[in-house]
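Survey of secondary and tertiary structure
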Amino acid sequence: MIRTMGKTLFVLVFALALSVCSAQTVVYDYSAVEYSRQFSMKALRQLTITSTASGTEVIDLAKTESKDSDLLEFFKKIQELEVKGWVLFDTEIYVYPDDHNITKYVWVMRRPKP
């Protein structure tokens, strides 16, 4: 009986050690897509894409025709990243009422490093 329990315990410890050794750590690239808008002065309309894989891209939406299409541009960038294998990881909305009514929509995405 004790000998059987010892063998069983040895097999379980050995199996656990194998599973720990074979587990791989996944490392991700991260990307943040941020839409910033200043509602009080209408001066700031900006889309910023920052990525560990490709650096930073800033798009000045004030140069576009309509402020109504800003969020469409934001979602277009999200969809472009999704096609490239990025997955939504987190979302945040920041409101700064004392700082000229700036609102920021931030979507954090990630994908496994190649």
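Further up the page is the structure itself.
Now for a quick tour of the structure. (Residues numbered from 1 in each chain as written. Predicted model: local features only at pLDDT ≥ 70, side-chain atom pairs only at ≥ 80, totals over all residues. Heavy atoms only, no water.)

Bringing the pattern of salt bridges into the picture now. Taken as a whole, this structure holds five salt bridges when the rule is applied. In this structure, the salt-bridge partner of lysine 104 is glutamate 34, at a minimum N-O distance of 3.7 Å. Of the two residues, lysine 104 is situated in strand 5 (residues 102–112) and glutamate 34 in strand 1 (residues 28–38); the sequence distance between them amounts to 70 residues. Looking at lysine 104, the relative accessible area reads 24%, which means it is partly exposed. As a salt-bridge pair, glutamate 57 and lysine 77 come within 3.9 Å of each other at their nearest N and O atoms. Within this pair, whereas glutamate 57 is found in strand 3 (residues 55–60), its partner lysine 77 is found in helix 2 (residues 70–83), the two being separated by 20 residues in sequence. (Salt bridge = Lys/Arg side-chain N within 4 Å of Asp/Glu carboxyl O. Helix = DSSP H or I, 4+ residues; strand = E, 2+ residues; numbered from the N terminus. Buried < 20%, exposed > 50% of the residue type's maximum accessible area, 1.4 Å probe, protein only.)

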